[in-house]
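Notes for the structure review
Below are the chains, spelled out letter by letter.
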Amino acid sequence: MFLDVRDLTITLKTGEEIAKDISFSIDGGEMLSIVGSSGAGKTTVCKAVMGLLSSNYSISGEVLYRGENLLHCSKKRLQAIYGKEICYIMQNPMTAFNPSLRIGRQLEKTCYLHNPQISRQELQLLVSNTLQQLGLDDLKRILKSYPDALSGGMLQRIMIAAALINQPTILVADEATTAIDACNRIELMQLLRQLCSGGMAILFVTHDLRAASMADRILIMNDGQLVEAGTTEQIFNEPKEEYTKYLLSACTLERR
Ligand SMILES: Nc1ncnc2c1ncn2[C@@H]1O[C@H](COP(=O)(O)OP(=O)(O)OP(=O)(O)O)[C@@H](O)[C@H]1O
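What comes next concerns the included structure. (Residues numbered from 1 in each chain as written. Predicted model: local features only at pLDDT ≥ 70, side-chain atom pairs only at ≥ 80, totals over all residues. Heavy atoms only, no water.)

Quick look at the overall build of the protein now. Helix and strand counts for the protein come out as 10 helices and 10 strands. Computed over C-alpha atoms, the radius of gyration of the protein comes to 18 Å, within 12% of the 18 Å expected from 2.2 N^0.38 for 256 residues, which places it in the range of a compact globule. Principal axes of the C-alpha set define a box for the protein whose edges measure 55 × 50 × 35 Å. In the protein, which comprises 256 residues, the proportion classed as buried is 48%. When the accessible surface of the protein is summed, it comes to about 12,700 Å², and 49% of that surface belongs to carbon and sulfur atoms. (Helix = DSSP H or I, 4+ residues; strand = E, 2+ residues; numbered from the N terminus. Rg over C-alpha atoms; globule rule 2.2 N^0.38 Å. Buried < 20%, exposed > 50% of the residue type's maximum accessible area, 1.4 Å probe, protein only. Areas by Shrake-Rupley, 256 points an atom, 1.4 Å probe, with all protein chains shown as cover.)

Now the structure itself:
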C-alpha cells in the first residue's frame, strides 16, 4: 500500500479537535478523493500527511508510506521523501511561490534539490516538458516571470508542474483545480487520471463533489470526521448519509 492513514486524530494545543479517527488508504494507480465543505478539516489532514503541521497541533495515529510511519521518521528521511516521493499541491497558488524569484529558477531549484546530478540541459528539458504537459505553452515568458505577473490559474498549473517535476509516487492535491477555468480543469483532471494509470497514487481533496467524480473512491468529511466512504458510483448513486445527499443536492442546484 502506498499510503495508509490510520486513526489520525489532530488536536490543537488548546484542546480543540480538528480531525478525529481519520483512516484511509491509497494504492498505486488509484485516485481517492476527500470531499467536504469548507472547514471540514481536509487541509489539516493533508498537512498532517505532508508533515507540515506546526507544534501547535498534536497528532496521533499513523501515516504509513509503504509501511514506514512518517510521523516517526527522522528529519533527514522526511526531506528525502517529501518533494520527491510524496508531493503536495497546496490550496493557494498565490502564496506558494517565492515572490522574488523567477518561476523558471523556482522550478529548477525544486528539481535540482532531489536530483543534484542532473545536467543543465536535462534540467531545462524536464522543466519545459512538465510545463507543456500542463498546457503551458508560453514557456519563455512563464520561465522569466515573477509570480505576481502570472494569473491565478496559471500559477495553479505551475504549482502542479512543480509537484510533478520529480515524478512522485504519491500526489496530494488540495483544491488543485479551484482557480482553473472549466475547460482547463477537465484537461487537468484527465492528466491526473493519466498519471494514475501510470501508477501514481493521488489524494484529491475538494469541496466540490462534481470535481471528485473522476476519482475511484470518495470519502465524505464533515466537521473533522469521515462520515461516508464508497466507490464514486456508490456515492453518486446510492448515498447513505444526509450530509452526502446535501453535498449532491448542492451540485444539482449549481447545475440549474
Ligand atoms: N491553527 C488553528 N487555529 C484555530 N483553528 C484552526 C487551526 N487550524 C485549523 N483550524 C480550524 O480547523 C477547521 C478545519 O480547517 P481546514 O483548513 O482543515 O478545513 P478545510 O476542510 O480544508 O476547509 P477549506 O476547504 O475552507 O480550506 C477550521 O474550522 C479551522 O478554522
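With 41 residues, the main nonpolar core has Leu131, Ile158, Leu171 and Ile202 as its most contacted residues. Looking at this core, the elements with two or more residues in it are strand 6 (86-89), helix 4 (103-114), helix 5 (120-133), helix 6 (139-144), helix 7 (152-164), strand 7 (170-174), helix 8 (182-197) and strand 8 (201-206). When residues of this core are assigned to their parent elements, the largest contribution, 9 residues, is made by helix 7. Ignoring anything within four residues of it in the chain, the contact list for Leu131 reads Leu107, Leu136, Leu139, Ile142, Leu143, Ile158 and Ala161. Counting residues in hydrophobic clusters, the runner-up holds 34 residues, among them Ile34, Val45, Cys73 and Tyr88. (Core = buried A, V, L, I, M, F, W, Y, C linked by side-chain atoms within 4.5 Å. Contact = heavy atoms within 4.5 Å.)

Under the criterion given, the structure shown has 11 salt bridges. In this structure, Glu30 engages Arg217 in a salt bridge whose closest nitrogen and oxygen atoms are separated by 3.0 Å. Taken as a pair, Glu30 in the loop between strand 2 (17-26) and strand 3 (31-35) and Arg217 in strand 9 (residues 217-222) lie far apart in primary sequence, 187 residues in all. Asp208 is the partner of Arg210 in a salt bridge, and the nearest nitrogen-oxygen pair spans 3.5 Å. Residues joined by salt bridges that share partners form a network here, namely Asp4, Arg6 and Glu62. (Salt bridge = Lys/Arg side-chain N within 4 Å of Asp/Glu carboxyl O.)

All right, on to the environment of Ala149 then. Structurally, the position occupied by Ala149 is in the loop between helix 6 and helix 7. Distance in space between the C-alpha atoms of Ala149 and Pro99 is 9.9 Å, their sequence separation being 50 residues.

Helix length check: helix 5, at 14 residues, gives a terminal C-alpha distance of 20 Å against a target of 20 Å (1.5 Å per residue), a fit within 8%. Residues of helix 5 that are buried include every one of Leu123, Val127, Ser128, Thr130 and Leu131, and no others. Seen from one end, helix 5 has its buried residues packed into an arc of 165°, which puts them on one side. Those residues of helix 5 that are exposed and angled more than 90 degrees off the buried face are Gln121 and Leu125. Residues of helix 5 that are buried make contact with helix 4, helix 6 and helix 7. (Expected span 1.5 Å × (residues − 1). Arc of directions from axis to C-beta.)

Phi at Asp7 takes a positive value of approximately 45°, unusual for a residue other than glycine. Take Asp7: it is sitting in strand 1 (residues 3-12). For Asp223, which is not a glycine, the phi torsion comes out positive at approximately 50°. Tracing the backbone through its elements, the reader meets Asp223 in the loop between strand 9 and strand 10 (225-231).

Okay, the layout of surface pockets next. Volume-wise, the largest pocket comes out at about 500 Å³. Contributing to the lining of the largest pocket are 19 residues, with Gly83, Tyr88, Met90, Thr110 and Ala162 lying nearest its centre. Here the lining of the largest pocket gets 5 residues from one element, more than from any other, and that element is helix 4. For the lining of the largest pocket, a count of residues per class yields 14 nonpolar, 5 polar and no charged. Three or more residues apiece are contributed to the lining of the largest pocket by two domains, here domain 1 (1-85 + 170-256) and domain 2 (93-167). Each pocket or cavity is described by its volume, and for the second largest pocket that value is around 230 Å³. (1 Å grid on protein atoms, 1.4 Å probe; cavity = no way out; pocket = protein on both sides within 12 Å on 5 of 7 lines; lining within 4 Å. Points joined across faces, edges and corners; volume = space filled by probe spheres on them. Nonpolar A, V, L, I, M, F, W, Y, C, P; charged D, E, K, R; others polar. Domains from an automatic or database assignment.)

Counted by the stated rule, this structure contains 1 aromatic pair. The ring centre of Phe2 lies 4.4 Å from the NZ or CZ of Arg66, which sits over that ring. (Phe/Tyr/Trp six-rings, centres within 6.5 Å; stacked < 30°, edge-to-face > 60°. Lys NZ or Arg CZ within 6 Å of the ring centre and 35° of its normal.)

A few words now on the sheet that holds strand 5 (residues 68-69). Where strands meet in a sheet, backbone hydrogen bonds hold them as pairs that are either parallel or antiparallel. Ordered by their spatial adjacency, 4 strands build an open sheet running 2-1-4-5, and the pairing between neighbours is antiparallel. The open sheet is flanked by strand 2 and strand 5, the only strands paired with a single partner. Seen against the sheet, helix 1 (residues 42-49) touches strand 1, strand 2 and strand 4 (57-65) and runs at an angle of roughly 115° to strand 1. (Pairing = 2+ DSSP bridges. Axes fitted to C-alpha atoms, helices over the stretch in contact; angles between N-to-C directions.)

A few words now on the packing of helix 4 against helix 5. Look at helix 4 against helix 5: their axes get within 10 Å of each other, and the N-to-C directions meet at 115°. Crossing hand, helix 4 versus helix 5: right-handed. Contacts between helix 4 and helix 5 involve Leu107, Glu108, Cys111 and Tyr112 on the former and, on the latter, Arg120, Leu123, Gln124, Leu126, Val127 and Leu131. Taken together, the residues of the contact of helix 4 with helix 5 break down into 7 nonpolar, 1 polar and 2 charged. (Left-handed = near helix turned anticlockwise from the far one by under 90°.)

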